[in-house]
Structures are given as structure tokens and as C-alpha cells.
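# Structural characterization, general
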Amino acid sequence: MLFVCLAVATRAQQVTVVDRATQRPLEAATLFVAASGASAITDVRGHADVSALVSADSIRFQMVGYTTRVLSYAQVQAANFLVALAPRPFALGEFVVSASRWEQELRRIPDQVTVITPRDVAFNNPGTAADMLQQTGEVFMQKSQLGGGSPMIRGFAANRVLIVVDGVRMNNAIYRSGNLQNVISVDANAIERAEVLHGPGAMTYGSDAIGGVMDFHLLRPRFSPDSSLLLRGGAMARYASAANEVAGNVNFGLGGRKVAFVGNASFTRFGDLRTGSNGPADFQRPWYVETINGLDSMVMNDDPNLQVGSAYDNINLFGKLALRPVDALELGLNVYYSTTSDVPRYDRLIELRPNGQPRSAEWYYGPQQWLMTSLTARHTAKKGPWSTARLAVAYQDYTESRNDRNFRNVSKRSQTEVVNGIWLNLDLEKELGARTQVLYGAEYVTNEVGSKGVRLNQTTGAETIINSRYPDGSTWSTGSVYIGAMHDATERLTVSAGARFNWASLACTFDTTLFPYPATSTDLNNSALTGNLGLAYRPGMDWKLSLDLSTGFRAPNIDDIGKVFDSEPGSVIVPNPDLQPEYAYSADVGMEKVINGNVRLMGHFYHVLLDNAMVRRPFTLNGQDSIVYDGEPSRVDAIQNAAQATVLGFMVGADARITQELSFNLRYNWQDGVEQDDANTKDVPLRHAPPAFGQAGLAWERNKFRAQVFSQFSAGFTFDQLPPSEQAKTPIYAKDDQGRPFSPSWYTLNLRLGYQLNKALQITGGVENITDQRYRPYSSGISAPGRNFMVALRAMF
């Protein structure tokens, strides 16, 4: 009888904290009694032991991103020990990881960081990770085709921004300066947290982090807090009308005290994308190519708003196994795999020759396959050279291909690239008292590039070896060591500083039997020292003023130095064995003000100088400024250290809780980027600095229901405001009164809805582009979706 009574009493002294809307348990919520100093933290099930809080008159329940509640123990007991917290329209005291690779309070760091949570993803319903970033209103997204998405951050893109997945960089030896679509290999449906660090992150992340860092953290295994098994999981089914998109996701997790696992699988099928009905006719699809009885034919499109030849499929898989032999050590084995179907290169399929015939009958990327396996270890120590240490050793294997065939030509060209290698990261953190942290570590990456080219005669089946895109067997390596520190000089001032030494090397051997390369081989070795100095000053608890001075660095990779390809009709890019690194110098001034806990105003103003920039410029090959390439006279270009580039810009934002249910948000981004022209005599617009863009909206949330009405918008560029390289891409732009290409401004009006049916089921949906605008974001080769109806059902357990 005594034991039964004790068990009942103990059970009664355990509280469960949940999200008010979803009724899902909240992990790491804090319970605090000011009078006695007693506290408790909820576990993965949302449970916390409140035996030490019995008879308390005031228990504060708080968690980042949620409204704080203050209840007496009697009130908690009357609620059957179930406490629900309501989400806030914006978070106070938020923690971020991307700024230093370690969790830090946002108020202590000077950087601009965009945070994306699973709650955002479930409500916004992005089709890909590229769409997920674009929906923040702080990242501009370019798309050459539906199966794409190249983020532009502070005037830079492609190999000048860094993608990181669970602490390991994705960027490899063939990341190019043109637009990339690798971000779609990340599963947006499996995000545990995603962050975008705006501005150079070279001290923390090394080469490539000039414009910013996209740091993705996928679902992680969860250990059980007791001897029972922890079972978690979910499933999602979604439909979107604009591309006749069908998507599904399932994830499953099982955890014990010592061993835990999580697995995830997603599949998405995109049909041909339908654009809007109100906008420039230049953005329609009036014709397409179809092979009829063995003959390529130019077919008139009965529905010119349907962008025929844009459909593709996408699959994302991963599994993670974690082992915790002792409390201080956690080991992990992770496997990731992503692939697409063939992805049509839509912007090439809409090009016409001067005679009015299509340029290409086929142009598509082969399956974009990404495999990563990693071994991880995390150790915590009370004394010694580190407080926390984290080691990751990863193997990545990446495959891509380009396949094209000219109109009414039986010969199809295929170039296939395979990159594999080892990525090693060691990051350590040492707490020197309550006010100082020292962060240090090292990184090493080595890649080998396999590249093949073949031309297939589709009539006879005969294959001919042709020049590959890159020198086959090329190698590229980079390494670095870094050290940094964060110190709270006073309660109001945090100083951060650090330095990183980087080195890189590459080796290429050119096959001159297939192409007249300017050299038979080349080797490059270079190094750079980068650093940062940051100040975060808090005049009060509701203020933050910040200054961030940082440098960035990008070493030439195999794509920069060894590539041969036709970036557009009439020009060919050839290797330049004399490339050197480029350097970025950045200054960022930030301000954040919270008014009465209900209004947050923020702004970041920045200036970036890119020196010794690697840019495409006219070149000579064996003394000639033009050659015949793939049967067409072509101007010779090469990537060269031939320019300086500058970017000046700002981001301003506002979040406001108007009433308990109604809130408002705004994000507005403006930037002006210029670089020196081909002759280095004047400044011209920078290619990856988009027009001003942003979003604004109202959100209403009450109990289980959530709604949002918002607008996304972008300014445009006249012909004179377009970079010279964009002025030459006439097929993808609208035409002004003089027949010259330009990028029109655009806006969309959108509605999102969500309802929590019960603890396990949630339904979301909405309408994007309600007014059915036909528009094409700057530099994109495919028009954006027209009116798009969406509905998704999610189940969780």
C-alpha cells in the first residue's frame, strides 16, 4: 500500500509541457521558481519533475519562441499537470548555431541570421529546400529550370555561398560560378532547424563562405530519458496544383537510453509547371520540340501558360544511428542519399536560332545524385583542453551529367562528372568561466574528379569520345585551422574575434588530343589568412547594436581552372592555369529593438569588397580570341583574376503582435552590386546582386487555427541595369519598347491556412499567387508558378 501511494504521488509531481496548437510535447522548456531558485527542464517527452516545486505560488514556464506563463503549483495541479504554451510571432533570446558552429544566444552575436523551424516548413509547404529559403523573404532564389534553385545572398551565389548539412560542407571541387541547384538535395520535409548566416563566414567555415552560409540540421536520433522505448514519427502527403505536384514523406525514430535511430524518406513528383495568365507574353511557352516519326518538329503549344518540358522527380533518404556508451560521449553513423530524375534545362529549351528554328531538341541534366556517409563523435568534459568536442569524418560521392542534342541533329553530347572524397571536421569549445568561450578546430577536404565526354549517334548507335568538361582524374584539396573567442566584457557588451589559416592545392592533367588546351598540366598551391572582429552591445534587455568586420576567401577549384564548356551560344569558356584566390572584406552594422515585448524592429547595413575577383573575361587560346566549338564559331572566354566587385546593401524587418491573435511581419532587402567591366575601365552591375525584394503579411492564430495573408514582391531591372552577361540572355527576359531584354517588377498575393485536427493530425493549405501573375524572377530561365492551390495532411506520433 505504501509503495502504491508513493508511486501515485511521484506520478502526480510530473508535469507535461506542450505546444498549445499542436499538443506536441516541448523539449527543453524551463520551469523556474524565483523565490526559492528551484528549477526543472522538460525532457524529450515534455515531462519535468516538479517535486521540488510543490506549494510554489509562482512557477514560470518559459521556452524560446513561446509566450511565458506563470502559474501556481495549485493551478498546475488543477490542470492535471498539463501546461500548454502558445507560440510567439517572433522569438526573444533565441539561440543559433551557424554563427560559430556552437549554440549561441543571438543577442551575443553580431551577425544577421535567418532561422527556419519545422513549424515554418509545415505551414509554408515548400516543394524543395530552395523554396523553403525563398519563403523567408531574406534570400533571393534564381531558377534556370523547375528542378533548381540558386540562392543569392548579399550579392553572391553559387560557389561563393556555402551549403552545410549536419556540420559537413556540401561544396566540392566542381561547384561553379554560374547558377547551382545542389540545395535541392537537402530534404525540406526533414529539417529540424535551418539557418542562413548572411555575410562572410570564412573564419568559421573556410573557403567559399563569402556571401553567406546555409546551415541545415536534419532530424536527429532522440534518446529515451528512462528505461522505456521512445517512439516518434510522422508522415506527410501534399498536393500542389501549379505543377501538379504530388509529394510524400515518412520518418520514424526509436530511442533507448543508449541507442537511438531515426530514418526519413521523401518523394516528390513535379509535372510541367503552369505559369500565370496576367503578365508579359514573353514569359509564355508558345512552342516546344517533339520528335514525330523520327523527325524533330516545332509544335505549337495549345496552352502557352503550360511550360512543357519542365517536369522532374526528386527522392531524399537518410538514416542516423546514435550510440551513447556513457553520458559524456555520443557516437553517430549517418547515411544520406538524394537523387533526381532527368531534369530538363528549361532555359536552353526556349532558345531560337536566327532562322527561327529551335536551337535544341534535347537539353537535360542527368540524375543529380548525392551520397554521404559520416561518422561523428561528440564528447563533453568538465576539465581538460575542451568542454565540448565534435568530430565528423564524411565520405561524399556526387554525380551529375549534361546531355544535349541540337534540333534535327542525330548526335547527342553527354558529359558526366563524378566527384568523391573525404571531408573531416574537428570543432572544439572551451568554457573559460561564465563569460568567455574559446572556439578552435580544423578542417580537411580532398576531392577527386572523374569526367567523361561522349557523343552518341542516335541513328547508328555509334559512340565517339569527346573532350570532357573537366580534366579527368583532377584532384583538389583544402585544409584549415582556426581559433576564436567570445567574451562578455560587461553584462551589456560581447566581443567576438577569430582567425583562420587556409591552404588549398589542386592538380590537373589536360588531354590535348581532344581539345587544344593551353597547357598539358597545372598545379596550384595557395594559402590565405582570414578573420573577424565582432561587437554586440545591449544598451538594455530590449536593445542590440552590433558591428561585424570580417574577411572571406575562396580558393580556385577544378571548375575555375580546368573547365571547358559553352555557357551560352557563341562563346566558350576555356581553362586558365594562372588563377589565384579571391578575397572579400565586409563590414556589417546591425540594430535590433524590441518594444514592450510586442514589436521587434531590426536592420543590417553592409558593405562588401571582393578583391582579385575570379570573373569571366575575354581570353585567347593559342593566340586566338575565337575558335570553332561544337560546330559553332565561339568567342574564347576564361575565368580570370581581373576585377574588383563591391556590394552595398541593407535588410530591414519588423515583427509586431497587434493583438493576442493578430501579428504583422515585414522583410525588405536592397542591394547594389557592381564590378569592373571587361576592360577594367568602368563599373557594371554585378550578376548576382538581384533587385530589391521582400515580403509583408498579416497572420492570425487562435487555438488550433492559423491563417496568413501576405505578399512577396521584387523590383525590376531595366536593360541598362542588367549586367552585361544578362543582357546577352535575350530568351529568358521580357522585351522593352526597343526590343531589348529587361526584368519586370512583380508581386504575388498569397493565403496560407492551417488547422490542428487533433494531437496526431494537422491539415494545411492555401493559395499562392491568388491574382495569377505571370512573372519570372531576375536571372531565372523559367517562369514562376501561377495560381497554385495547395493542401497537405500531416500525421505525427
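Reference entry: report on the structure contained in this document.

Tracing the chain through its elements places Lys-593 in strand β40 (residues 582-595). Given a relative accessible area of 18%, Lys-593 falls into the buried group. Considering only alpha carbons, one finds Lys-593 and Gly-540, 53 residues apart in sequence, at a separation of 9.5 Å. Here the side chain of Lys-593 touches Asp-542 through a polar contact of 3.3 Å, side chain to side chain.

We now examine the packing of aromatic side chains. Within this structure, the stated rule accounts for 15 aromatic pairs. With 5.6 Å between their ring centres and 70° between their planes, Trp-363 and Tyr-365 make a pair best called edge-to-face. Classification of Tyr-365 as buried rests on a relative accessible area of 7%. Judged by centre distance (6.0 Å) and plane angle (45°), the rings of Phe-553 and Tyr-583 are tilted. Pair noted here: Phe-553 is in strand β37 (residues 543-554) and Tyr-583 is in strand β40, with a separation of 30 residues, a long-range link. Of the residues examined, Tyr-583 reaches a relative accessible area of 23% and is grouped as partly exposed. One aromatic cluster is present, built from ring pairs that chain together Phe-605, Phe-650, Tyr-668, Trp-670 and Phe-713. Against the face of Trp-287 rests Arg-285, its NZ or CZ located 5.4 Å from the ring centre.

This next bit is on the sheet that holds strand β10 (residues 112-116). Read from one edge of the open sheet, 5 strands run β10-β16-β17-β14-β15, paired in mixed fashion. Each end of this open sheet is capped by a strand with a single partner; those strands are β10 and β15 (168-169). Where strand β14 (residues 161-165) meets β15, 2 bridges bridge the pair, whose relative direction is antiparallel. Bridging across to β15, Val-164 finds its partner in Arg-169.

Let us look at the pattern of salt bridges. Enumeration over the complete set of coordinates arrives at 38 salt bridges. Arg-405 serves as the salt-bridge partner of Asp-296, at 2.7 Å between the closest nitrogen and oxygen. Taken together, the residues span a long stretch of sequence, with Asp-296 in strand β23 (residues 295-300) and Arg-405 in strand β30 (residues 388-406) at a distance of 109 residues. For Asp-296, a relative accessible area of 4% gives the class buried. What makes Arg-405 buried here is its relative accessible area of 6%. Across the pair Arg-348 and Glu-351 runs a salt bridge, and its minimum N-O distance is 3.9 Å. Residue classification places Glu-351 among the buried residues on the basis of a relative accessible area of 11%.

Before going further, it helps to examine unusual backbone geometry. In most cases, non-glycine residues show a negative phi, while peptide bonds are predominantly trans. The phi torsion at Ala-28 lies on the positive side, around 75°, for a residue other than glycine. Under the relative-accessibility criterion, Ala-28 is labelled partly exposed at 46%. The backbone of Phe-81 shows a phi angle near 60°, a positive value even though the residue is not glycine. Along the chain, Phe-81 turns up in the loop between α2 (73-78) and β7 (82-85). On the accessibility criterion, Phe-81 (10% relative accessible area) is buried.

Inspection of the secondary structure assignment puts Leu-323 in strand β25 (residues 312-326). For the pair formed by Leu-323 and Ser-414, sequence separation is 91 residues and the distance between their alpha carbons is 44 Å. Apart from the residues lying within four places of it in its own chain, the contact partners of Leu-323 are Phe-223, Lys-258, Val-259, Leu-329, Glu-330 and Leu-331.

Criteria and thresholds
Residues numbered from 1 in each chain as written. Predicted model: local features only at pLDDT ≥ 70, side-chain atom pairs only at ≥ 80, totals over all residues. Heavy atoms only, no water. Helix = DSSP H or I, 4+ residues; strand = E, 2+ residues; numbered from the N terminus. Buried < 20%, exposed > 50% of the residue type's maximum accessible area, 1.4 Å probe, protein only. Polar contact = N/O pair within 3.5 Å; in protein donor to acceptor, adjacent residues only side chain to side chain. Phe/Tyr/Trp six-rings, centres within 6.5 Å; stacked < 30°, edge-to-face > 60°. Lys NZ or Arg CZ within 6 Å of the ring centre and 35° of its normal. Pairing = 2+ DSSP bridges. Salt bridge = Lys/Arg side-chain N within 4 Å of Asp/Glu carboxyl O. Contact = heavy atoms within 4.5 Å.

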